[in-house]
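# Chains, contacts and geometry: an overview
Take a look at the letters that make up each chain.
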Amino acid sequence: MSIENERVAGEKRRVREDGDEIGWDGRSLQEMLRETEALTEETGRYRGLERLEMKEESRFEYERLYSRLRGALVSARETALHVSASPIVREIGELCFQIYTPEGDSIAVSTGIIVHVHTGSLAIKWMIEQDYEHDRGIEPGDIFCNNDNDLGNVHTTDVHTIVPIFHDGELVAWADGVTHEIDIGGMSAGHTSPVHTRRFEDGIYATCEKVGKDDERFQDWKVRGERSTRTPQYWDLDEKCRIAGCHMIREAVHDIIDDVGAETFKQFTREAVEEGRQTMESRVQERLFPGTYQSTSFAAMPFEEEGWKPEQQRDHLIHLPVEMEVETDGTMSVDMEGASPQGDHSFNAAEGSMTGGLWVSMTQCLLHDGKVNDGSHIALDTNFPEGSITNPDDPQLSFHAPWGTIMPTFQSVWQNVSQGFFSRGFREEVVTGYSETSDTLQGGGTLMESMAQLIPDEVGDYYPIGPFDLSCQGLGASAVRDGLDWGYAMWNPESDMGDIEEWELTQWGTQYLSRQVKTDSAGHGKYRGGSGWEGVMTFMGNDEASLLKTAQPDVTFSVAGMSGGYPGSTKYAVRAHDTDLQARARQEEPYPVGDTPPGTFEEDIDGDIVRTERGTYFPKQFDNYDLVHFQMGGGPGWGDPLDRPVEKVVEDVEDQIFSPGTVEDVYGVVGEFDEDTLDFEIDEDATDEARERIRERRDAESMTYDEFFDQERQRVAEADVSDQVATMYEEVFDISEAFAEEFEAFWGTKGGLG
């Protein structure tokens, strides 16, 4: 038995012998939680702290403690990920570790999927409110698990392991580790499925469940994972990864307490949370101009043809308005009154998911130094209306793919914050948005016997499909430079696409045929958005394989660009079944490596080609030598494309970011492009003429604001909108009287549309 194991066993004996409450100074956890919430509510400061005494009087010791604690979290992450065999965790780093106060307030977070700053907090508070302390029991060596979105999670395939940390008979902190699972045994294979409508289809739910004691998992819990997921080997190793990381954090906390004493550690944790609140307010005061900022995002679910159930067979359009108030004292609010209602789909996002999206966004644009914790949460008011898609009140709905709501929503948050930056003069901090992480290929297959014999027996012949190279999208432009090409994911700013061979090693029945630049995917502007990329995959050695694809933005943009910039391209789908790929390979004939320009995929393959404007499709069967095309999007642009220097446009064409035809239509730049050398020679006279024609067309077609408003008001009065738009507003009016009144006041209409 190690020194740490002996210490935990001793702590357990101490807790049982004392029989006292496990909170500080003989109080229960519920008493501590109620006191903390009351003091914070009453004063607006965490637990009413008026001064950060330790930070002010022993600054070096305070900062050393913070660095030591956060270093322990980062070290736990970097070490524990090697325990996992899941490529999502090991290659992409889809894991994160957090530490919380006894009441469940986040003190510090590691690198990784920092979207979980607050989600573990909600789960711990829920356990305290349910009195786990006296009912289920909380003891040293216990292990809890949660992936229930309604209680504190982002989506169901994010799985938390939560471990209590004790010292001298008191619970001094909680360690929380979370990993993103490739499969949890839902109705459809995958990690973010658009197919599900109800909770009962999502797979395993662990609802703040006690899954182990004495640092060991319960046998029945392990058996449940083995028999309930399609990829039990990943489930098991990822859980061991989370437990190992939590135990490393626990040992680090014990070492810190041994060095500085329990009272110093307790004082530090309180002040760290309050410092997080103060830091948030000071950053807002420094970086954002006070005022009201509004923006609206949209998300499409074109499921009328794809839906499996009658209730999901409709083309949805989701309304996601965001209003932000920035006050002079540094406080801020986010209000989503007017969001679409919850529904029979998997895009439902629990309140914890939305706050997770908020923190991963704020961490990137305001709180860069890593000192992000629940103090930031206290400094910001949120309103995610109950019953809306951003805060469902029906826990029986599916929560498998809330990123379908989160990602477009925070495009608007980023644009609101960027307006605040710009108003303060921080042009370089502006971000127009990002491409959302799709086309997400998900599914799995079964290998032919001859192929399966090459795979270790304990793994079996089933393989999952879930490449996370989707984590390299185009980032939007700023107000001083172009966006980042194929290198960004909003939910984990440290992720990358990983080695292609890593995905092929686990997706045994698939082979990549290509990855290349997706020309014309970037949003146009004086500063263009980052470009996306595209790929083609085929199937080999399978008995059977099934695949779905989710796309965002799908048939409509989530947001536009800023200050005249354009959005990135929307997504679409193309695949080929019953192909002649095998014969082409033998005869060394060309095969598809992309679809640029769209429609060229079919030139190098014969078969049953399926091409749709919709980017999303539900699970389809694929045979060997079938092909699937997928694309990653580009970010929005900033400013008028005519203000982009011609030499930059030339670079865009030669780098295949834009095609010659596109730059002539949008930028008025004309020239000759040599496809062999990739040289683009400008025709200066033709360019001058083309730009002049664009300006003349703008003069002829433009109108004043008043003319435009009157035109649009007439359309609203006549309900001159698509059926999907009309239904979207009617559903919002039904659940939000406030938004209906605001809509009518703005447009000067009665009864909404028409």
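To be clear, the structure that these remarks concern was listed above.
Read on for an overview of the structure.

The rules behind each value
- Residues numbered from 1 in each chain as written.
- Predicted model: local features only at pLDDT ≥ 70, side-chain atom pairs only at ≥ 80, totals over all residues.
- Heavy atoms only, no water.
- Helix = DSSP H or I, 4+ residues; strand = E, 2+ residues; numbered from the N terminus.
- Rg over C-alpha atoms; globule rule 2.2 N^0.38 Å.
- Contact = heavy atoms within 4.5 Å.
- Areas by Shrake-Rupley, 256 points an atom, 1.4 Å probe, with all protein chains shown as cover.
- Lys, Arg positive; Asp, Glu negative; His and termini not counted.
- Charge placed at Lys NZ, Arg CZ, Asp CG, Glu CD.
- Disulfide = S-S within 2.5 Å.
- Buried < 20%, exposed > 50% of the residue type's maximum accessible area, 1.4 Å probe, protein only.
- Patch = residues over 30% accessible without salt bridge, like charges linked within 9 Å, V, L, I, M, F, W, Y side chains within 5 Å.
- Salt bridge = Lys/Arg side-chain N within 4 Å of Asp/Glu carboxyl O.
- Core = buried A, V, L, I, M, F, W, Y, C linked by side-chain atoms within 4.5 Å.
- Pairing = 2+ DSSP bridges.
- Axes fitted to C-alpha atoms, helices over the stretch in contact; angles between N-to-C directions.
- Expected span 1.5 Å × (residues − 1).
- Phe/Tyr/Trp six-rings, centres within 6.5 Å; stacked < 30°, edge-to-face > 60°.
- Lys NZ or Arg CZ within 6 Å of the ring centre and 35° of its normal.
- Parallel < 35°, antiparallel > 145°, perpendicular 65-115°, else oblique.
- Left-handed = near helix turned anticlockwise from the far one by under 90°.
- Polar contact = N/O pair within 3.5 Å; in protein donor to acceptor, adjacent residues only side chain to side chain.

Before going further, it helps to spend a moment on the overall build of the protein chain. Looking only at helices and strands, one finds 23 helices and 22 strands in the protein chain. The C-alpha radius of gyration computed for the protein chain amounts to 27 Å, which stays within 12% of the reference 27 Å derived for 754 residues, consistent with globular compactness. Projected onto its principal axes, the C-alpha positions of the protein chain cover 85 × 70 × 50 Å. By sequence separation, contacts in the protein chain at least 24 residues apart represent 75% of the contacts at least 6 residues apart. Total accessible area computed for the protein chain in this model is approximately 28,900 Å², and 45% of it derives from carbon and sulfur atoms. Averaged over its 64 positive side-chain charges, the protein chain has a centre that lies 5 Å from the centre of its 151 negative ones.

In this structure, the amide linkage connecting Gln-552 to the following residue, Pro-553, adopts the cis form with an omega of -10°. Tracing the backbone shows Pro-553 in the loop between β16 (542-550) and β17 (573-577). With an omega dihedral of -5°, the bond running from Thr-596 to Pro-597 counts as a cis peptide bond. Mapped onto the fold, Pro-597 is located in the loop between α17 (581-586) and β18 (608-612). Even without glycine at this site, Gln-656 takes up a positive phi of about 65°.

Within this structure, the stated rule accounts for zero disulfides. No disulfide involves Cys-96; its sulfur sits 11 Å from the nearest other cysteine sulfur, which is in Cys-246. On the accessibility criterion, Cys-96 (0% relative accessible area) is buried. The structure places no disulfide on Cys-145, whose sulfur is separated from the nearest cysteine sulfur, that of Cys-208, by 9.1 Å.

A cluster of like negative charges, contributed by Glu-672, Asp-674, Glu-675, Asp-676, Asp-679, Glu-681, Asp-683, Glu-684, Asp-685, Asp-688 and Glu-689, occupies part of the molecular surface. Broken down by element, the residue count for the negative patch peaks at four residues, all from helix α20 (residues 684-701). Take Glu-684: it is sitting in helix α20.

Before going further, it helps to examine the nonpolar core. Residues Met-280, Met-332, Met-362, Leu-366, Phe-410, Met-490 and Trp-491 are the most contacted members of the largest nonpolar core, which totals 90 residues. Here this core takes eight residues from helix α14 (residues 403-424), the largest share from any one element. Core analysis: the next-biggest nonpolar cluster, separate from the first, contains 53 residues, Tyr-62, Tyr-66, Leu-69 and Cys-241 among them.

In spatial order, the strands read β8-β9-β10-β11; together these four strands make up an open sheet with mixed pairing. Of all the strands in the sheet, just β8 (291-302) and β11 (380-383) have a single pairing partner and so form its edges. Taking the axes of each pair of neighbouring strands and ignoring which way they run, one obtains an average angle of 15° across the sheet. Pairing analysis gives 12 bridges linking β8 to strand β9 (residues 315-326), with the strands arranged antiparallel. Note that in β9 the partner of Phe-298 across the bridge is His-319.

Our focus in this paragraph is helix α10 (residues 232-260). For an α-helix, the turn length of 3.6 residues means that residues three or four places apart are oriented alike. Over its 29 residues, α10 runs 42 Å from end to end, which matches the ideal 42 Å to within 8%, given 1.5 Å per residue. Of the residues flanking the end of α10, it is Gly-261, one or two places downstream, whose phi is positive at about 95°.

Right, let's get into the packing of aromatic side chains. In total, this model carries 26 aromatic pairs according to the counting rule given. Ring centres 6.3 Å apart and planes at 70° place the aromatic pair Tyr-66 and Phe-268 in the edge-to-face group. Of this pair, Tyr-66 sits in helix α4 (residues 59-80) while Phe-268 is found in helix α11 (residues 262-287), placing the two residues 202 residues apart along the sequence. With respect to burial, Tyr-66 and Phe-268 carry one shared label: buried. Through a chain of ring-to-ring contacts, three or more aromatic side chains come together here, namely Trp-126, Tyr-132, Phe-144 and Trp-174. A cation over a ring is seen here: Lys-266 above Trp-24, with NZ or CZ 4.7 Å from the ring centre.

Read from one edge of the open sheet, four strands run β13-β12-β16-β19, paired in antiparallel fashion. Both edges of this open sheet fall to β13 (462-465) and β19 (617-622), since each of them pairs with a single strand only. If you compare each strand with its neighbour and ignore which way they point, the axes differ by 15° on average. Bridging between β16 and β19 involves four bridges; their strand directions are antiparallel.

Let us now look at the packing of α4 against α10. Two numbers describe how α4 lies on α10: the axes approach to 8 Å, and their chain directions differ by 155°. As far as their axial angle goes, α10 and α4 are roughly antiparallel. As α4 runs across α10, the sense of the crossing is right-handed. Here Glu-61, Leu-65, Arg-68, Leu-69, Ala-72, Leu-73, Ser-75, Ala-76, Thr-79 and Ala-80 of α4 lie close against α10, whose contacting residues are Cys-241, Gly-245, Met-248, Ile-249, Ala-252, Val-253, Asp-255, Ile-256, Asp-259 and Val-260.

All right, on to the environment of Glu-325 then. The topology assignment puts Glu-325 in strand β9. Classification of Glu-325 as partly exposed rests on a relative accessible area of 25%. Residues Glu-325 and Asp-381, spaced 56 residues apart in sequence, show a C-alpha to C-alpha distance of 9.5 Å. Every residue in contact with Glu-325, bar those within four places of it in the chain, is listed here: Gly-291, Thr-292, Thr-331, Met-332 and Ser-333. Within the structure, the side chain of Glu-325 is placed 2.8 Å from the side chain of Thr-292, a separation counted as a polar contact.

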